[in-house]
Amino acid sequence: MTRYVAPVQDMQFLLHDVLKLSQSGLPGHDELDRDFTAAILDAAGQLASDVLEPLNKVGDAQGCVLENGVVRTPAGFKAAFDQVREGGWTGLDCDPEYGGQGMPHIIGLATGEMFVSANLAFNMYQGLTHGAYSAIHAHGTPEQKQTYLPKMVSCEWTGTMNLTEPHCGTDLGMLRTRAEPQDDGSYAITGQKIFISAGDHDMSDNVIHLVLAKAPGGGESTKGISLFIVPKFLVNDDGSLGDRQAVSVGKLEEKMGIHGNATCVMNFDGAKGWLLGDLHKGMRAMFTMMNEARLGVGLQGYAAAEAAYQNAVDYARDRLQGRAVTGAENKAGPADPIIVHPDVRRMLMDQRSFLEGARALALWAAHMIDKSHNGDKDADGLISLLTPVIKGFLTDKGFDGAVQAQQVYGGHGYIEEWGMSQFVRDARITMIYEGANGVQALDLVGRKLAQDGGKHVMAFFEMVRSFIKENEGDETLKAQFLDPLKAASKDLQAAATYFMERGMSNPNDALSGSYDFMHLFGHTALGLMWSRMAVAAQAALTAGEGDAEFLRDKLVTGRYYMARHLPMTTTHLARIRSGSEPVMALAADRF
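Cut-offs applied
Residues numbered from 1 in each chain as written. Predicted model: local features only at pLDDT ≥ 70, side-chain atom pairs only at ≥ 80, totals over all residues. Heavy atoms only, no water. Helix = DSSP H or I, 4+ residues; strand = E, 2+ residues; numbered from the N terminus. Rg over C-alpha atoms; globule rule 2.2 N^0.38 Å. Buried < 20%, exposed > 50% of the residue type's maximum accessible area, 1.4 Å probe, protein only. Contact = heavy atoms within 4.5 Å. Areas by Shrake-Rupley, 256 points an atom, 1.4 Å probe, with all protein chains shown as cover. Lys, Arg positive; Asp, Glu negative; His and termini not counted. Charge placed at Lys NZ, Arg CZ, Asp CG, Glu CD. Salt bridge = Lys/Arg side-chain N within 4 Å of Asp/Glu carboxyl O. Expected span 1.5 Å × (residues − 1). Bend = angle between axes of the 7 residues up to and from the residue. Polar contact = N/O pair within 3.5 Å; in protein donor to acceptor, adjacent residues only side chain to side chain. Phe/Tyr/Trp six-rings, centres within 6.5 Å; stacked < 30°, edge-to-face > 60°. Lys NZ or Arg CZ within 6 Å of the ring centre and 35° of its normal. Axes fitted to C-alpha atoms, helices over the stretch in contact; angles between N-to-C directions. Parallel < 35°, antiparallel > 145°, perpendicular 65-115°, else oblique. Left-handed = near helix turned anticlockwise from the far one by under 90°. Nonpolar A, V, L, I, M, F, W, Y, C, P; charged D, E, K, R; others polar.

**Some points on the overall build of the protein**
Turning to step 1, where the next piece is worked out: If you tally the helices and strands in the protein, you get 19 helices and 11 strands.
Turning to step 2, where the next piece is worked out: Taken over C-alpha atoms, the radius of gyration comes to 24 Å for the protein, in line with the 25 Å a tight globule of 591 residues would show.
Turning to step 3, where the next piece is worked out: Considering only C-alpha atoms, the protein reaches an extent of 80 × 60 × 60 Å along its principal axes.
Turning to step 4, where the next piece is worked out: Burial status across the protein gives 57% buried among its 591 residues.
Turning to step 5, where the next piece is worked out: Look at the contacts in the protein between residues 6 or more apart in sequence, and 73% of them connect residues 24 or more apart.
Turning to step 6, where the next piece is worked out: Just so you have it, the protein exposes about 24200 Å², and 52% of that area is on carbon and sulfur atoms.
Turning to step 7, where the next piece is worked out: Distance from the positive charge centre (53 side chains) to the negative charge centre (72 side chains) of the protein: 6 Å.

**Some thoughts on the pattern of salt bridges**
Turning to step 1, where the next piece is worked out: According to the stated counting rule, one finds 30 salt bridges in the structure shown.
Turning to step 2, where the next piece is worked out: Close ionic contact of E156 with K151 constitutes a salt bridge, the shortest N to O distance being 3.4 Å.
Turning to step 3, where the next piece is worked out: For E156, a relative accessible area of 28% translates into the label partly exposed.
Turning to step 4, where the next piece is worked out: Owing to a relative accessible area of 30%, K151 belongs among the partly exposed residues under this scheme.
Turning to step 5, where the next piece is worked out: When the shortest N-O distance is used, the salt bridge between K554 and E356 registers 2.8 Å. Of this pair, K554 sits in helix α17 (residues 548-564) while E356 sits in helix α9 (residues 342-373), and the two are 198 residues apart along the sequence. Both residues of the pair, K554 and E356, count as buried.
Turning to step 6, where the next piece is worked out: What emerges from the salt-bridge pattern is a single network uniting D10, E113, E306, R352, E356, R359 and K554.

**Here's the deal with helix α14 (residues 475-502)**
Turning to step 1, where the next piece is worked out: Taking 1.5 Å of rise per residue, 28 residues should cover 40 Å, and α14 covers 38 Å from first to last C-alpha, within 8% of that figure.
Turning to step 2, where the next piece is worked out: Of all the bends in α14, the greatest, near 40°, is centred on L482, and the proline P484 appears no more than four residues after it.
Turning to step 3, where the next piece is worked out: For α14, the side-chain oxygen to backbone nitrogen distance between the N-cap and T476 is 3.1 Å, and the N-cap itself is D474.

**Considerations on the packing of aromatic side chains**
Turning to step 1, where the next piece is worked out: Tallying each qualifying case throughout the model produces 14 aromatic pairs.
Turning to step 2, where the next piece is worked out: Measuring from centroid to centroid gives 6.0 Å for F81 and F122, while their planes differ by 70°, and the two rings are edge-to-face. Remark: F122 occurs in helix α6 (residues 120-139) and F81 occurs in helix α4 (residues 77-86); sequence separation between them is 41 residues.
Turning to step 3, where the next piece is worked out: On the accessibility criterion, F81 (0% relative accessible area) is buried.
Turning to step 4, where the next piece is worked out: With 5.2 Å between their ring centres and 70° between their planes, F499 and F517 make a pair best called edge-to-face. Remark: F517 occurs in helix α16 (residues 514-543) and F499 occurs in helix α14; sequence separation between them is 18 residues.
Turning to step 5, where the next piece is worked out: Aromatic ring contacts, followed pair by pair, group F460, F461, Y498, F499, F517 and F521 into a single cluster.
Turning to step 6, where the next piece is worked out: The lysine or arginine in question, R244, covers the ring of F233, its NZ or CZ lying 5.8 Å from the ring centre.

**Quick word on the packing of helix α8 (residues 282-318) against helix α11 (residues 420-428)**
Turning to step 1, where the next piece is worked out: Running from amino to carboxyl end, α8 crosses α11 at an angle of 160°, the nearest separation of the two axes being 9 Å. The angle between α8 and α11 places the two elements in the roughly antiparallel class. As α8 packs across α11, the resulting crossing turns out to be left-handed. Facing α8, whose interface residues are A304, A307, A308 and N311, α11 presents M420, F423 and A427.
Turning to step 2, where the next piece is worked out: Taken together, the residues of the contact of α8 with α11 sort by class into six nonpolar, one polar and no charged.

**Some points on the environment of M349**
Turning to step 1, where the next piece is worked out: Relative to the assigned elements, M349 resides in helix α9.
Turning to step 2, where the next piece is worked out: Residue contacts for M349: discarding those within four places in its chain leaves V556, T557 and Y560.

In structure tokens:
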């Protein structure tokens, strides 16, 4: 059996020692002292460990079932969903006007990590609802907000995102779903969507679908796409539920993982829909939800790996195999625990150093979102730049971490009863949905890098430079953290310069190196996070504050990342500079 314990101490360190949340000057943040956030995180962690994690294997084994047009979720899911709703967790960072608690986004992300680590498939039901809530909150009319948001904040009604069609994935200009205007101001939505997570289930009274479709006069490109609110049940003027719509589940997809989440083929047969946002401007409204979802998927990537890592550590401490090369350590037993072996220790340190860096990056990104919500345009530009990095890099490396955790178990990791297979299978989807990671890399290099004249990437470089200059007086930190960070930043700048010089004359040179650039950026971002954590940890140790053992462990783990992983930026730069010739040289018909 697996287990999960929320990393509350690490989150508290990040919120208060690194990000200094209560001193940020943002509205409401002065109330977020250590005791307040500890109470929230402890309660969320207990819910995750005691209620959600035990259902993780249940959801994987049972999956969802389509019965007479209704999707049934695994045993225990509905009771757990009710418990999450009744605790107010679904509306933690939502607008109080619609029943939310008005917490900063960073608090919602921290609790979300716990719920994902405990049960990724389960958390998707409320996670997708939050994204749909955000889209309606940003683009809906006052009437639409009053109609839908209170029930979505409480998750009495849940939400979905309907983009993909059988013939059309990333290239949404090819979609065929149609929206025909009706005399009452609604539209008749007709078409089929696939891969719709949480498309139908038995845990809420209504499902509010956000559906991309083409209305007359919009043309055939993505510029002609509109976004519509299509509820499973119509909503009467008094807020009660009316007739069932012509919205049905064609089938449930049989997937590699996340079996506890209902991934549906959705059929819309003239169902009533109402325009969300402007006509023929649906992509702008949908991207409100997609950008939130991409950051959420980045979180899923490392959160799933966190649960796998915790169990791998337990196994490595308990499993007796061989003797330490330097001499027996478990002299009373027949063998030593495998954690004494350097290669096992390497795998665990790979996981730990990534996970703690990834958590820091995700929480820092959430802090940028809170700043952007309060009018900080620079923070908004920076999070836009980093979104494909967070989604792509954290899910790639998160999956690698889950595989390494499985590897620690040896043959037992391949046996279902140990639970490690599920972590690997569940983590795998994060690299694919909400825009496959190759698409994230293309978005980063093709759009985000040059956004606003390259202002935001230059701001990132300046942030790194200023941080190094402010802290280079400590010779130990300089040698172990700041110098490696400076080298990584120079590699990142060199790669960006290469794209600017070659991208126009030969776009394939830029696109062939885009994936490496995403990883180069990811390593540099984690290098910055580890350097910031090292400065905070050393300051606390010097002041005699905090848990000294925890702080020393933080420095040890950070040194590992800077020494063993950050040098990968040099490899990624070399690949980028090799250009497109090695990638494109083999003719298509020779594969």
